[in-house]
Amino acid sequence: MSVLIHSLKQCNIQYLPSLYHLSVRWKTKPRWVPIGKTKVFRVPQPKPIPPDEAEEMKRLTKVFHTRMKSIKHLFREAYRANATSEEVIQKFEQDKEDHWQKCMELNDRWNQQIAIERAQRDAEFMEQEIQAAHEFKRKEDEADRKRLEALEEVVRLEKEASAHFVTEENIDEAIERVLNSPPHSFSFAIDRDGRKYSGFSKTPDIDAEIESLSEDSSKVSSSVNE
């Protein structure tokens, strides 16, 4: 156990009495903790470098940059020599031609596939258009048929009503019938029970009521006989 505690302390891990509770300590302050009050105005001074070490560092830096320039120049010249040789140019042209052929073959396959899909799509669209045209024609024929039936009904009603029209042939009979018919008086009233009061009379028109009752009885008798 002491070895475990010592190893945990070396790893900057705080050991608590519970074996299942471990927490890692920060080596420095966390980022969200502000700077200490005693170090707010402290200006860190750079560490002094001996003059001989400074000169040696400058020399080594110059040597490093010079050698890196030499290596880059060597690589550049080697690449230029390889890129301008005849074999390299021929190989580059051949690779470009092969790549172009592969692209053309792939493009042809894509065009064939798209042509097949376009033909199928056009056939489906044409079938839909034909069905829509047939449906439109059916609806138009149905509308024309209904319109013709309505016109024929109007014509039939007009023909039935024309039997009572006054024409040149029956104008004399119509005039004679109007002259011989009793005059109609529209000066009457009707009460809640439907009784008719003619003129200024305060009693109902008994004759009209009897006539209506006789008509109702005749209708009932005819329905019973049927």
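The structure presented is a predicted model; accordingly, all values stated were derived computationally and were not measured.

Quick notes on the rules
Residues numbered from 1 in each chain as written. Predicted model: local features only at pLDDT ≥ 70, side-chain atom pairs only at ≥ 80, totals over all residues. Heavy atoms only, no water. Helix = DSSP H or I, 4+ residues; strand = E, 2+ residues; numbered from the N terminus. Buried < 20%, exposed > 50% of the residue type's maximum accessible area, 1.4 Å probe, protein only. Contact = heavy atoms within 4.5 Å. Areas by Shrake-Rupley, 256 points an atom, 1.4 Å probe, with all protein chains shown as cover. pLDDT = per-residue confidence, 0-100. Salt bridge = Lys/Arg side-chain N within 4 Å of Asp/Glu carboxyl O. Patch = residues over 30% accessible without salt bridge, like charges linked within 9 Å, V, L, I, M, F, W, Y side chains within 5 Å.

Student: Outline the overall build of the protein, listing residues and values.
Tutor: The secondary structure content of the protein amounts to five helices and four strands. Secondary structure elements of the protein occur, N-terminal to C-terminal, as α-β-β-α-α-α-β-β-α. By residue count, 2% of the 226 residues in the protein fall in the buried class. For the protein, contacts bridging at least 24 residues in sequence account for 0% of all contacts bridging at least 6. If you sum the accessible surface of the protein, you get close to 22,100 Å²; carbon and sulfur atoms cover 60% of it.

Student: Go over the confidence of the model for the protein with me, naming the residues and quoting the values.
Tutor: Residues with a pLDDT of 70 or more make up 75% of the protein, whose mean pLDDT is 78. Of the regions scoring below 50 in pLDDT, residues 1-20 engages in 13 contacts with residues more than four places distant in sequence or in other chains.

Student: Give a description of the pattern of salt bridges that names residues and reports values.
Tutor: Inspection of the entire model under this criterion finds ten salt bridges. For the salt bridge of glutamate 135 with arginine 138, the shortest nitrogen-to-oxygen distance reads 2.5 Å. Of this pair, glutamate 135 and arginine 138 are both found in helix α3 (residues 86-161), three residues apart, which corresponds to roughly one turn of the helix. Its salt-bridge partner being lysine 137, residue aspartate 141 comes within 3.2 Å of it at the nearest N-O pair. Of the two residues, aspartate 141 and lysine 137 are both situated in helix α3; the distance of four residues between them amounts to about one turn of the helix. Each of the salt bridges in this network shares a partner with another, and the network as a whole consists of Glu142, Arg145 and Glu149.

Student: Just give me the short version of a nonpolar patch on the surface, but keep the residues and values in it.
Tutor: The grouping of Phe64, Met68, Ile71, Leu74 and Phe75 at the surface amounts to a nonpolar patch, some 520 Å² of accessible area in total. Position of isoleucine 71 relative to the elements: it lies in helix α2 (residues 51-83).

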